[in-house]
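# Structural features, examined
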Amino acid sequence: MTRWNNNRDEIGAVSADITAETNALPAKYFTDPEVHEMEKEKVFGQYWVYAGHATHIPDAGDYFTRTIGGKQIIVTRDDDGDVRAFYNVCAHRGSKMLDDTPMTDPGSLSRITCPYHLWAYELDGSLQSTPKSFEEASLNPDLDDDAVSELDPEENGLMEVNTDAIGPLVFVNFEDEPSLSLAEQAGSMKTELEDLPLGEYEHARRYVSEVECNWKTFSGNYSECDHCQANHQDWVRGLELMDSELEVNDYHWVLHYKHKEDVDDEMRIHPEHEAKFYYFWPNFTVNMYGTADGYGTYIIDPIDEGRFQLIADYYFRDADLSEEEEKFVQTSRQLQEEDFELVERQYEGLKSGALGQAQLGPNEHTVHKLHRLAQDAYNA
Amino acid sequence: MPDDEDAKLAEKPRAGVVTCPACDLHVSVAEPNDAVELYRRHANVTGHDVEWERVAFDAEAESDDAKEALIELGEDHPDGVALGRLAAALADNGVAIGETLDAVRDLRMSGEIYEPQDDYVLAV
Ligand code: FES
Ligand SMILES: [Fe+2]
Ligand SMILES: [Zn+2]
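Just so we're clear, the structure is a prediction, and the values are computed from it rather than from any experiment. (Residues numbered from 1 in each chain as written. Chains lettered and ligands numbered in written order. Predicted model: local features only at pLDDT ≥ 70, side-chain atom pairs only at ≥ 80, totals over all residues. Heavy atoms only, no water.)

Moving on to the pairing of strand β15 (residues 274-280) of chain A. Residue and element names in this part refer to chain A. For β15, the tally of buried residues reaches seven of seven residues, placing the bulk of the element in the interior. Side chains E274, K276, Y278 and F280 project from β15 onto one buried face, and the interleaved A275, F277 and Y279 project onto a second face that is buried too. Summarising the sheet, strand β14 (residues 252-259) and β15 pair through seven bridges and their orientation is antiparallel. Bridge pairing in β15 places W253 opposite Y279. (Buried < 20%, exposed > 50% of the residue type's maximum accessible area, 1.4 Å probe, protein only. Helix = DSSP H or I, 4+ residues; strand = E, 2+ residues; numbered from the N terminus. Pairing = 2+ DSSP bridges.)

Laid out in structure tokens, this is it:
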């Protein structure tokens with residue numbers, strides 16, 4: 001049952017049972033600035049979150065930066081060839097060290113040097129060197145040089161962030177000791193994606209859009225297809241929506257969309273004859289349309305409670321796209337724009353404050369999962 | 001606030017539209033400086049340069065030199081010229097937002113301008 005903000009309807013927790021009365025996340029969790037602040041820790045600080053694609057940093061010292069839940073990190077490859085992540089924060093006095101560097105235009109360095117007082121770090125985060133003024137006390141009349149102790153490289157190194165990967169997809173976790181491993185959080189998605197040659201594909205396009213709604217509003221839209229018939233007419237023409245299935249797992253769900261006409265094997269990266277969209281809590285998707293030999297990823301990146309950036313990346317065998325691949329990207333872009341209109345419109349309604357708690361339909365079980373996970377995260 | 005007058009013009013202030021042609025991005029911004037914030041946000045994840053597509057507030061300067069234009073705009077905005085306003089005035093004279101921000105940084109680092117509040121500047 002819908003709950004209005006009319007002082008009569010009672011808003012409840014998101015029920016475990018989708019057929020119960022209060023089955024949706026209360027509307028305030030989409031519109032309240034304090035919730036946005038809380039999510040930085042409770043959502044983006046507690047789970048494995050996608051950081052980027054390792055193929056952009058093939059060599060030692062290649063790096064890109066990301067800001068996740070307000071935390072700025074450097075993702076780099078160390079001298080042993082392992083991908084590692086560190087806070088972009090100097091161990092001396094906390095300066096931000098490297099300028100923002102997108103994955104699609106990565107940087108390269110042999111060590112990480114802070115511009116402020118030139119402390120330098122190895123690619124494994126350990127302190128490599130400091131200027132002489134940190135080794136002797138010549139400016140300090142009260143201190144003998146002998147009293148200055150040497151800085152231990154490990155104890156004065158950078159603060160590392162946990163990383164793990166699914167194929168070339170790199171995830172980070174800000175907990176000191178993650179309560180879930182990436183394998184546990186990703187479940188069958190990890191094994192399924194690792195069976196695919198994701199790393200053999202080249203990054204071809206990145207489109208970044210800004211959308212005026214809460215990030216979870218878009219996540220919910222991505223996760224259901226009750227809106228497709230009315231709003232994605234071009235796309236659904238080729239689909240057999242009734243044969244499709246929305247599969248829900250612990251922290252991810254998979255949308256299986258069947259095509260009306262079977263598609264050639266060369267036109268898919270994955271073996272199943274269908275389009276396959278993975279949503280991975282909290283804010284990452286892997287999109288396989290089943291009509292092109294390639295895949296896409298989305299990062300649904302909050303700006304504030306009322307805006308997010310959609311960072312859409314496309315990967316193909318060759319970064320030089322064929323006409324058909326261009327068309328694939330265009331179809332995807334068209335779907336995005338159609339969805340942006342829907343979610344901005346929905347958000348305008350939500351912001352008006354009338355709705356206290358929505359109600360989800362029986363085929364919105366994926367959205368229900370999303371709302372349950374958000375609630376679990378807030379309560380944790 | 002320097003932009004009160006513009007805000008009065010419409011219930012829902014709209015300073016204009018910015019675009020990234022590479023991303024097919026078109027975003028309407030409420031305040032001139034929202035364009036600058038968006039420029040930075042977008043560049044941080046793409047390296048692309050966002051540009052003004054439409055400017056719906058008053059931003060005119062004769063000069064295409066950042067300092068000259070700032071002096072002109074400073075006459076009407078003695079509390080500080082929003083970087084977005086300066087960028088809009090210069091865009092009209094063929095200077096990209098990114099070039100304006102670089103020029104402002106150079107001017108600031110050489111002590112020729114100051115920042116009475118965040119992202120508002122005036123010539124010294
Ligand atoms: S804060 Fe980085 S070297 Fe001083
Ligand atoms: Fe959609
Ligand atoms: Zn762009």
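After that view of the structure, there is still more to cover.
This paragraph deals with the UniProt feature "domain: HVO-B0008-like C-terminal" (unreviewed entry) in chain B. Within the UniProt annotation, "domain: HVO-B0008-like C-terminal" (unreviewed entry) is assigned to residues 72-121 of chain B. Each end of residues 72-121 of chain B is marked by a C-alpha atom, and these two atoms are 12 Å apart; helix forms 56% of the span and strand 18%. (UniProt positions renumbered as here; feature names shortened; annotations may be inferred.)

So, about the pairing of strand β3 (residues 62-68) of chain A. All names here are of chain A. Burial within β3 is extensive, with six of its seven residues counted as buried. In the sheet, β3 pairs with strand β6 (residues 107-108) via two bridges, with the strands oriented antiparallel. Of the residues in β6, the one forming a bridge with D62 is S108. Across six bridges, β3 lies against strand β4 (residues 71-77) in antiparallel orientation. The residue bridging F64 from the neighbouring strand is V75, located in β4. Linking two consecutive strands that pair antiparallel, namely β3 and β4, is a turn of two residues; a positive phi of about 55° is found at G69 within it.

Here the focus is the interface of chain B and chain A. Reports often express the size of an interface as the amount of accessible area lost when the parts come together. The interface of chain B with chain A comprises 16 residues on the first partner and 17 residues on the second. Of the roughly 1,200 Å² buried between chain B and chain A, counting both surfaces, carbon and sulfur atoms make up 45%. Among the residues chain B hides against chain A, the three largest losses belong to R41, N44 and V45 of chain B. Together they make up 44% of the total. Our count for the chain B to chain A interface comes out at two salt bridges. With its nearest N and O atoms 3.3 Å apart, the salt bridge here joins D24 of chain B to R333 of chain A. (Contact = heavy atoms within 4.5 Å. Buried area = accessible area lost by both parts, 1.4 Å probe. Salt bridge = Lys/Arg side-chain N within 4 Å of Asp/Glu carboxyl O.)

Let's shift gears to the UniProt feature "domain: Rieske" (unreviewed entry) in chain A. Taking the UniProt record as the reference, the feature "domain: Rieske" (unreviewed entry) is found at residues 49-150 of chain A. Here residues 49-150 of chain A runs as 0% helix and 32% strand, with 37 Å between its end C-alpha atoms.

Residue and element names in this part refer to chain A. Each protein donor to the iron ion (ligand 2) is listed here as H227 (NE2), H232 (NE2), D339 (OD) and D339 (OD); together their distances run 2.1 to 2.5 Å. The coordination sphere of the iron ion (ligand 2) comprises four donor atoms, whose angles at the metal cover 57 to 145°; the geometry is irregular. Linear spacing of the donor residues for the iron ion (ligand 2) on their chain is H-x4-H-x106-D. Linking H227 in the loop between α5 (215-223) and α6 (228-231) with D339 in helix α8 (residues 323-351), this pair joins segments that are 112 residues apart in sequence. Neither residue differs from the other here; H227 and D339 are each classed as buried. (Donors = N, O, S within 2.8 Å, 3.2 Å for Na, K, Ca; no water. Tetrahedral: all angles 85-135°; square planar, octahedral: opposite > 155°, others 65-115°.)

Attention shifts here to the coordination of the zinc ion (ligand 3). All names here are of chain B. For the zinc ion (ligand 3), every protein donor is listed as C20 (SG), C23 (SG), H42 (NE2) and H48 (ND1), and the spread of their distances is 2.0 to 2.5 Å. Around the zinc ion (ligand 3), the four donor atoms are arranged such that angles at the metal cover 97 to 123°; this shape is classified as tetrahedral. Site description for the zinc ion (ligand 3): donor spacing in sequence, C-x2-C-x18-H-x5-H. Taken together, the positions of C20 in strand β1 (residues 16-20) and H48 in the loop between α2 (32-46) and β3 (51-55) put the pair 28 residues apart, joining distant regions of the chain. Given the relative accessible area of 22%, H48 is considered partly exposed.

This part is about the pattern of salt bridges. Residues and elements named next belong to chain A. If you walk through the whole model with that rule in mind, you get 25 salt bridges over all chains. Between R333 and E337 there is a salt bridge whose closest N-O contact spans 2.7 Å. Here E337 and R333 lie together in helix α8, a separation of four residues that amounts to about one turn. What makes E337 partly exposed here is its relative accessible area of 34%. Several salt bridges share partner residues, and in doing so they unite D78, R84 and E160 into one network.

Attention shifts here to the environment of L355 of chain A. Structurally, L355 of chain A is set in strand β19 (residues 355-357). Here the alpha-carbon distance between L355 of chain A and K28 of chain A, two residues 327 residues apart in the chain, equals 8.9 Å.

All names here are of chain B. Confidence in the prediction for chain B averages 91 pLDDT; 90% of positions are at 70 or higher. Here residues 5-11 is a poorly scored stretch, pLDDT under 50, and it has four contacts once near neighbours within four places are set aside; other chains count. Scored by ipTM, the complex comes to 0.87, with pTM at 0.94. (pLDDT = per-residue confidence, 0-100.)

What follows concerns the nonpolar core. When a protein is soluble and globular, its nonpolar side chains tend to lie buried together. Ranked by size, the top nonpolar core spans 129 residues in total, and within it F171, L193, F218, W235, Y257 and W281 of chain A together with W52 of chain B carry the most contacts. The two domains that each donate at least three residues to this core are domain 1 (49-173) and domain 2 (196-352) of chain A. Other than its neighbours up to four places away in sequence, W281 of chain A contacts V43, Y47, W48, Q185, W215, Y251, L370, L373, A374 and A377 of chain A. Counting residues in hydrophobic clusters, the runner-up holds 14 residues, among them F86, M97, C114 and Y121 of chain A. (Core = buried A, V, L, I, M, F, W, Y, C linked by side-chain atoms within 4.5 Å. Domains from an automatic or database assignment.)

What follows deals with the sheet that holds β14 of chain A. All names here are of chain A. Read from one edge to the other, the open sheet built from seven strands follows the order β12-β18-β17-β16-β15-β14-β13, with strand pairing classed as antiparallel. Each edge of the open sheet is held by one strand with a lone partner, namely β12 (202-211) and β13 (239-248). For this sheet the average axis-to-axis angle between neighbouring strands, irrespective of direction, equals 15°. Summarising the sheet, strand β17 (residues 294-304) and strand β18 (residues 307-316) pair through ten bridges and their orientation is antiparallel. (Axes fitted to C-alpha atoms, helices over the stretch in contact; angles between N-to-C directions.)

Once that is clear, we can look at unusual backbone geometry. Residue and element names in this part refer to chain A. Cis geometry marks the peptide bond from W281 to P282, where omega comes out at 0°. Here P282 is to be found in the loop between β15 and β16 (284-288). Positive phi outside glycine occurs at N7, with the angle close to 65°. Tracing the backbone shows N7 in the loop between β1 (3-4) and α1 (28-31).

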